[in-house]
Amino acid sequence: MTWFYAFDLFGVAVFAISGALVAGRKSMDLFGVLVIAIITSLGGGTLRDAILDNHPVSWIRNDVYILVAVLAAIGTILWVRFTRPIHETGLLIADAFGLAVFTVIGTQVALQHDVPVSAAVIMGVMTGVAGGVMRDVICNEIPLIFHKEIYATACIAGSVVYIALHQLNTTANLDVTIAVLTVLVIRLAAIRWHLSLPRFHLLDRDPPDRGQ
């Protein structure tokens, strides 16, 4: 098993956990939990591979991906049922780990297809956030990417760091480690201190019509 494959499976497991937790908050049955876990963990990579024409996608070539997602979801159910519920912070931390891992993997896969740097960054962000967006939309939640805390910006930073290190011909392990930590530190800091980008407010310059 290569480090890339192991890292990919780790990302699948972590995002499946976050999907199962969101489904649990919606009181879904076992089938619903498994569906949400699989969509969360494999949705971003599937969309990336479809755009890059990388066929067949990973989980079709190898059923271990589905197996890992299912086992992670079932493990989450058992953990919550027989120990204690995982609070919102636990969900956000699990999501942050998956976000970091998948962003770097998505960027690396894109570079292997010789796409421009801008496209590689977009593919990295897409791999990191698309599964979570699908999860939240299906569960009738506002996607985390649209929350006020920094989210996609962390993915962009990690992707850019990975590309920069890759072009400097540093070791692959160092590239991945530093890039993953970049996304993770930024995202966890945003959660901890509620960091956000400036908001754009469109003000109505016309006073309200009060009548005559």
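No experiment lies behind these values; they were computed from the predicted model shown.

Some words on empty space enclosed by the protein
Rolled over the atoms, a probe as big as a water molecule pinpoints where empty space is left.
Argument step 1. For the coordinates displayed, the defined rule picks out two cavities of 30 Å³ or more.
Argument step 2. Taken as a whole, the largest cavity holds about 90 Å³ of empty space.
Argument step 3. Lining the largest cavity are 13 residues, and of these Asp8, Gly45, Arg48, Ser58 and Phe102 sit closest to its centre.
Argument step 4. Sorting elements by how many residues they give to the lining of the largest cavity places helix α2 (residues 30–52) first, with five residues.
Argument step 5. Taken together, the residues of the lining of the largest cavity break down into six nonpolar, five polar and two charged.
Argument step 6. Put simply, the second largest cavity is a space of about 30 Å³.
Argument step 7. The set of elements that each furnish at least two residues to the lining of the second largest cavity consists of α1 (3–25) and α5 (88–112).

A short note on the UniProt feature "transmembrane region" (unreviewed entry) in the protein chain
Argument step 1. Within this numbering scheme, the UniProt entry marks residues 6–23, 30–52, 64–82, 89–111, 117–138, 150–168 and 174–195 as carrying the feature "transmembrane region" (unreviewed entry).
Argument step 2. Span residues 64–82 is 100% helix and 0% strand, its end C-alpha atoms 26 Å apart.
Argument step 3. In residues 89–111, helix accounts for 100% and strand for 0%; the two terminal C-alpha atoms are 33 Å from one another.

Side note on the packing of aromatic side chains
Argument step 1. A complete count under the given rule lists three aromatic pairs for this structure.
Argument step 2. Ring geometry for Tyr5 and Tyr65: centres 6.0 Å apart, planes at 75°, overall edge-to-face. With Tyr5 in helix α1 and Tyr65 in helix α4 (residues 64–82), this residue pair connects regions lying 60 residues apart in the sequence.
Argument step 3. Relative accessible area serves as the criterion here: at 7%, Tyr65 is assigned to the buried category.
Argument step 4. A ring pair is formed by Phe15 and Phe102, whose centres lie 5.3 Å apart and whose planes are at 75°; its orientation type is edge-to-face. Of this pair, Phe15 sits in helix α1 while Phe102 sits in helix α5, and the two are 87 residues apart along the sequence.
Argument step 5. In this structure Phe15 comes out as buried when scored by relative accessible area, which is 0%.
Argument step 6. Note on Phe102: relative accessible area 4%, which makes it buried.

Notes on the pattern of salt bridges
Argument step 1. The final tally for this structure, using the stated rule, is four salt bridges.
Argument step 2. A salt bridge links Asp49 to Arg48; the nearest nitrogen and oxygen atoms lie 3.0 Å apart.
Argument step 3. A relative accessible area of 1% means that Asp49 is categorised as buried.
Argument step 4. Close ionic contact of Asp95 with Arg135 constitutes a salt bridge, the shortest N to O distance being 3.1 Å. Separated by 40 residues along the polypeptide, Asp95 in helix α5 and Arg135 in helix α6 (residues 117–138) bring together distant segments of the chain.
Argument step 5. Using a relative accessible area of 0% as the deciding quantity, one classes Asp95 as buried.

Here's the deal with the layout of surface pockets
Argument step 1. Counted as a void, the largest pocket has a volume near 330 Å³.
Argument step 2. Along its surface, the largest pocket is lined by 17 residues, and Ala20, Leu21, Gly24, Arg25 and Val80 are the ones closest to its centre.
Argument step 3. Taken together, the residues of the lining of the largest pocket break down into ten nonpolar, three polar and four charged.

What counts, and at which threshold
- Positions within a chain are numbered from 1, following the residues in the order the chain's sequence is written.
- pLDDT decides what is reported in this predicted model: residues at 70 or higher carry local features, side-chain atom pairs at 80 or more are listed and counted, and totals for whole chains, interfaces and linings draw on all residues regardless.
- Based on all heavy atoms of the structure, the side-chain values leave hydrogens and waters out of the count.
- A 1.4 Å probe that fits into a set of points on a 1 Å grid over the protein atoms alone but cannot get out defines a cavity; an open set with protein on both sides within 12 Å along at least five of seven lines defines a pocket, and lining residues are those with an atom within 4 Å of a point.
- Grid points are joined across faces, edges and corners, and a volume is the space filled by probe spheres set on the points.
- Strands are runs of DSSP state E lasting at least 2 residues, helices are runs of H or I lasting at least 4, and numbering of each runs from the N terminus.
- Residues are grouped as follows: Ala, Val, Leu, Ile, Met, Phe, Trp, Tyr, Cys and Pro are nonpolar; Asp, Glu, Lys and Arg are charged; every other residue, Gly included, is polar.
- UniProt positions are given in the numbering used here, feature names are shortened, and annotations may be inferred rather than shown by experiment.
- Only rings of Phe, Tyr and Trp enter the pairing, Trp through its six-membered ring, and a pair is recorded when the two centres are within 6.5 Å. The plane angle decides the type: under 30 degrees is stacked, over 60 is edge-to-face, the rest tilted.
- Exposed residues in this analysis have more than 50% of their type's maximum accessible area, buried residues have under 20%, and partly exposed residues fall in between, with area computed by a 1.4 Å probe over protein chains only.
- In what follows, salt bridge is the name for a side-chain nitrogen of Lys or Arg lying within 4 Å of a carboxyl oxygen of Asp or Glu.

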